[in-house]
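Residue-level structural notes
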Amino acid sequence: MQHDDVIWDLIGNDSFCSYKVKTKTQRFCRNEYNLTGLCNRSSCPLANSQYATVREEKGRCYLYMKVVERAAFPARMWEKVKLDRNYAKALEQIDENLMYWPQFIRHKCKQRLTKIAQYLIRIRKLTLKRQRKLVPLSRKVERREKRREEKALIAAQLENAIEKELLDRLKQGTYGDIYNFPIHAFNKAMEKQEEETESEEAEDEEEPVTREFVADDEFEESDLSDFEDMNNLKGSSDEEEDAEEESREEEESEEELEEEKTKAQSKGKAPLKGPIRKKRAYVEIEYEQETEPAQKSKAT
Amino acid sequence: DANIKVDKHNRNKTHTHTMVNLEKQFNFLNRVKPDEAPVQEMGQAEGEETEKKSVSGPCFPPTFSVSEIKNKQRRHAMFLKLKEEKRKQKLELKKKKKKERKALGDQAPPKEVPKTIENQRIYDETTVNPEDEEVAFDEGTDEFSAYFSRLTNPKVLITTSDRPRGRTVRFCEQLATVIPHAHVYYRRGLALKRVIPQCVSRGFTYVMVINEDRKVPNGLVLCHLPDGPTAHFKVSNVRLRKEMKRRGKDPTEHVPEVILNNFTTRLGHSIGRLFAALFPHDPQFVGRQVATFHNQRDFIFFRFHRYIFKNEKKVGIQELGPRFTLKLRSLQKGTFDSKFGEYEWVHKRHEMDSSRRKFHL
């Protein structure tokens, strides 16, 4: 015989039931056939011999019913009725199947059906949208990658590489005339020219006085800096001429200074372009040091 | 008897074989007659050992192995001695070599180049030879040919994954200042496949999607638009502008120069061209800004600097702008289509990460 009250006494309020989950304020029922999910006298599927639920399987809703007549046959206890996909028709089906049942169960079944229908709609909507794919990271791999990256960074020596690349580009001339010191190339050009005109140097030594300043193709008289430099050079060369008579030791060096300056001037005119003219004085100083030894050997 | 006494001392249970060994070793080391009482042996052994430690390294018999000693303390001590020996030998060798070098002066053989991973890199058969005609032909007809023949100007769309957090947003903004003609748009849950045709219709040449995970950007999808290749990178070590030490002022609107370093293989070449096509053709040297993509061991380091030439042999660089590193995960022909796309290259961890000296870019 089915004694619901007895069963409820045994499992109900403060007793033990394996489906019961207790929290501070409430009791929940984990039984799959439970209609509301709470542990109550009226919601317990074990303590009610006449019970019904709505459950969902693979997107279809089913109505499960249990009556006292089948209490002795656990295998056939629950009657499963497939509900219509249409929400309104499903409600009618519930009404039809639970016609003379208690209001509580009917109401709760319909509520449950509503909730299920709503979440099924939501699932369908979400699957159409993009879904975030979670890719698991292997901790070992991540650590390994991190370490390799650090080592690669050290091996890369980025600043050096960038600087080298920039200097290479400067040398190749990708920057054109923006920067005022393509002196490296200029130096090389100058050295080449010196080798060519070594014979001319010897002649220059014999005639220090007569010098002609010939205008360059790009020479513009309006360029003041030019005149300044030329004046300086003339003045200095005159001074050197006077000083020649004074001492022999100084003579040679001064002659060489003169000649080099003239050489620098004469040679400097050929490859000169606008910005380099201003640097003329600077360039000449450099040359003094470089070409002295070569000169001396030729002179003697 | 002897055995038991040795046992007590060692506090180990050692079977007779090793016992014999032990005794042999001690005999060797200490030159004690085997006839003497074992306890005394031990005592003497201890004493002699300590003596030995203070004296220069012990002499080991040729069949001796440190790992055969069962006693942990003694084994450890022996091992340390062994290491000391080796270190000394190494130092002596070095000194000798240095002396020889000095003595030979100019005639010394050239210094040996130390082995680095770059030196030992496994030769990749797809390494591009600069004069390769086939490569030149390919590059003349691939998706970037339009850019490189100056038909199109780059226009970049930068966006993120859904709901970006502050760091990612700021990263996007800074990227937009670094890359000229770049526009940042919020994603708002749109599908990429729908975004792309819209971009094409509005004349964009690139779509950059920065993926975010746990409030930090960790992925980059770079899609060249008129049906160009799509590259998926892993992003790491993102440093925003305010986290940079000794940085300069904000980058100006000038078009920066581009430096691409170390892209040697065919794959590397195509990735390099992918990056190059992000920037407009003619850099404005007035701005003195340079964006660098440097490939080292398959990691691509991005840096943004301002340079100044102090003289013809020295240049000073100052870092502005964000920095990050990329690692290529996959390269797909055609625009973004993860399901049905045709992948030119996919990073397969078990095949490609097996050797420490094999790199693909």
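Residues numbered from 1 in each chain as written. Chains lettered and ligands numbered in written order. Predicted model: local features only at pLDDT ≥ 70, side-chain atom pairs only at ≥ 80, totals over all residues. Heavy atoms only, no water.

- Naming follows an unreviewed UniProt entry, where chain B appears as Ribosome production factor 1 of Sinocyclocheilus anshuiensis.
- One UniProt comment on chain B, placed under Subcellular location (unreviewed entry), says "Nucleus, Nucleolus".
- Word for word, the UniProt comment on chain B under Function (unreviewed entry) is "May be required for ribosome biogenesis." (UniProt positions renumbered as here; feature names shortened; annotations may be inferred.)

- Within an unreviewed UniProt entry, the label attached to chain A reads Protein MAK16 homolog, and the organism entered is Sinocyclocheilus anshuiensis.
- The record held by UniProt for chain A lists under Sequence similarities (unreviewed entry) the comment "Belongs to the MAK16 family."
- Listed under Subcellular location (unreviewed entry) in UniProt, the entry text for chain A is "Nucleus, Nucleolus".

**Some details on the overall build of chain B**
- Across its full length, chain B carries 10 helices and 10 strands.
- Looking at the 361 residues of chain B, the share that counts as buried comes to 42%.
- For chain B, the share of sequence-separated contacts (at least 6 apart) that also reach a separation of at least 24 residues comes to 63%.
- Surface accessibility of chain B: about 22,100 Å² in total, with carbon and sulfur atoms responsible for 51%. (Helix = DSSP H or I, 4+ residues; strand = E, 2+ residues; numbered from the N terminus. Buried < 20%, exposed > 50% of the residue type's maximum accessible area, 1.4 Å probe, protein only. Contact = heavy atoms within 4.5 Å. Areas by Shrake-Rupley, 256 points an atom, 1.4 Å probe, with all protein chains shown as cover.)

**Regarding the overall build of chain A**
- Helix and strand content of chain A: 11 helices and 5 strands.
- Here chain A, with 300 residues, has 33% of them falling under the buried criterion.
- Within chain A, residue pairs in contact and separated by at least 24 positions form 49% of the contacts whose partners lie at least 6 positions apart.

**Observations concerning the packing of aromatic side chains**
- Here the structure, examined in full by the defined rule, presents 15 aromatic pairs over all chains.
- Seen from their ring centres, Phe171 of chain B and Phe324 of chain B are 5.4 Å apart, and the 85° between their planes marks the pair as edge-to-face. Here Phe171 of chain B is found in helix 7 (residues 166–178), whereas its partner Phe324 of chain B is found in strand 9 (residues 314–333), with 153 residues between them in sequence.
- Relative accessible area serves as the criterion here: at 4%, Phe324 of chain B is assigned to the buried category.
- Ring centres 5.6 Å apart and planes at 25° place the aromatic pair Phe233 of chain B and Phe275 of chain B in the stacked group. With Phe233 of chain B in strand 5 (residues 230–239) and Phe275 of chain B in helix 9 (residues 266–276), this pair connects stretches of sequence that are 42 residues apart. Summarising the burial analysis for this pair, Phe233 of chain B and Phe275 of chain B share the class buried.
- Each member of the aromatic cluster is reached from another via a ring pair, and the members are Phe171, Phe233, Phe263, Phe275, Phe279, Phe293, Phe302 and Phe324 of chain B.
- One cation-aromatic arrangement involves Arg55 of chain A over Tyr64 of chain A; the distance from NZ or CZ to the ring centre is 5.2 Å.
- Stacked on the ring of Phe73 of chain A, the Lys or Arg Arg76 of chain A has its end atom at 4.6 Å from the ring centre. (Phe/Tyr/Trp six-rings, centres within 6.5 Å; stacked < 30°, edge-to-face > 60°. Lys NZ or Arg CZ within 6 Å of the ring centre and 35° of its normal.)

**Looking at helix 9 of chain B**
- Burial analysis of helix 9 of chain B places 8 of its 11 residues in the buried class, the great majority of the element.
- Listing the buried residues of helix 9 of chain B in full gives Leu267, Gly268, Ile271, Gly272, Arg273, Leu274, Phe275 and Ala276 of chain B.

**Some details on the interface of chain B and chain A**
- Taken together, the 37 residues of chain B in the interface contact 30 residues of chain A.
- Note on chain B versus chain A: buried area summed over both sides is about 3,200 Å², and carbon and sulfur give 61% of it.
- The three residues of chain B that bury the most area against chain A are Phe285, Phe309 and Glu312 of chain B, which together make up 21% of that side's buried surface.
- Here chain B is connected to chain A by 5 salt bridges.
- The partner of Asp353 of chain B in a salt bridge is Arg148 of chain A, and the shortest N-O contact between them spans 3.9 Å.
- Across the contact surface, chain B and chain A share 7 residue pairs in polar contact (both at pLDDT 80 or more).
- For the side of chain B that touches chain A, the element with the highest residue contribution is strand 8 (residues 299–311) of chain B, accounting for 8 residues.
- When the residues that make up the side of chain B that touches chain A are grouped by side-chain class, the tally is 11 nonpolar, 10 polar and 16 charged. (Buried area = accessible area lost by both parts, 1.4 Å probe. Salt bridge = Lys/Arg side-chain N within 4 Å of Asp/Glu carboxyl O. Polar contact = N/O pair within 3.5 Å; in protein donor to acceptor, adjacent residues only side chain to side chain. Nonpolar A, V, L, I, M, F, W, Y, C, P; charged D, E, K, R; others polar.)

**Focus on unusual backbone geometry**
All names here are of chain B.
- In this structure, Arg163 is a non-glycine residue whose phi angle is positive, near 50°.
- With respect to the helices, strands and loops of the structure, Arg163 is situated in the loop between strand 1 (156–160) and helix 7.
- Since its relative accessible area comes to 75%, Arg163 is described here as exposed.

**Quick look at the pattern of salt bridges**
- Summed over the entire model, instances satisfying the criterion amount to 23 salt bridges over all chains.
- When the shortest N-O distance is used, the salt bridge between Lys80 of chain A and Glu57 of chain A registers 3.5 Å. Here the residue Lys80 of chain A occupies a position in strand 5 (residues 78–82), and Glu57 of chain A occupies one in strand 3 (residues 51–57), the gap between them amounting to 23 residues.
- Given a relative accessible area of 44%, Lys80 of chain A falls into the partly exposed group.
- Through salt bridges with shared partners, a single network forms among Arg144 and Arg148 of chain A together with Asp353 of chain B.

**Focus: the nonpolar core**
- Judged by nonpolar contacts, the single largest core of 42 residues is most densely connected at Ile158, Ile179, Phe233, Ile271, Phe275 and Ile300 of chain B.
- Once residues within four sequence positions are removed from consideration, Phe275 of chain B is found in contact with Leu222, Phe233, Leu260, Phe263, Phe293, Ile300 and Leu326 of chain B.
- Grouped together as the second largest cluster of nonpolar side chains are 24 residues, Ile94, Trp101, Cys109 and Leu120 of chain A included. (Core = buried A, V, L, I, M, F, W, Y, C linked by side-chain atoms within 4.5 Å.)

**Describing the environment of Thr335 of chain B**
Residues and elements named next belong to chain B.
- Position of Thr335 among the secondary structure elements: in the loop between strand 9 and strand 10 (342–346).
- Residue classification places Thr335 among the partly exposed residues on the basis of a relative accessible area of 25%.
- Setting aside its immediate chain neighbours within four residues, Thr335 contacts Ile196, Cys223, His224, Leu225, Asp227, Gly228 and Thr230.

**Regarding the pairing of strand 5 of chain B**
Residue and element names in this part refer to chain B.
- Among the 10 residues in strand 5, 7 count as buried, and that is most of the element.
- Bridge analysis of strand 4 (residues 216–224) against strand 5 gives 5 bridges, and the strand direction is antiparallel. Bridge pairing links Leu222 to Ala231 in strand 5.
- Counting the residues that bridge the hairpin from strand 4 to strand 5 gives 5 residues, and of these Asp227 lies at a positive phi of roughly 45°. (Pairing = 2+ DSSP bridges.)

**Structural notes on the pairing of strand 8 of chain B**
Residues and elements named next belong to chain B.
- Burial analysis of strand 8 places 10 of its 13 residues in the buried class, which makes it a mostly covered element.
- Of the pairings in the sheet, the one linking strand 7 (residues 289–296) to strand 8 comprises 8 bridges and is antiparallel in character. In the sheet register, Thr292 faces strand 8, and the bridge partner there is Arg303.
- Linking two consecutive strands that pair antiparallel, namely strand 7 and strand 8, is a turn of 2 residues; a positive phi of about 50° is found at Arg297 within it.
- Where strand 8 lies against strand 9, 11 bridges are found, and the strand directions are antiparallel. Pairing of Phe304 across the sheet is with Leu320, part of strand 9.
- The antiparallel hairpin formed by strand 8 and strand 9 contains 2 residues in its connecting segment.

**Points about the side chain of Thr160 of chain B**
- Note that Thr160 of chain B resides in strand 1.
- Contact partners of Thr160 of chain B, with chain neighbours within four places excluded, come to Thr168, Cys172, Tyr185, Arg187, Val209 and Ile210 of chain B.

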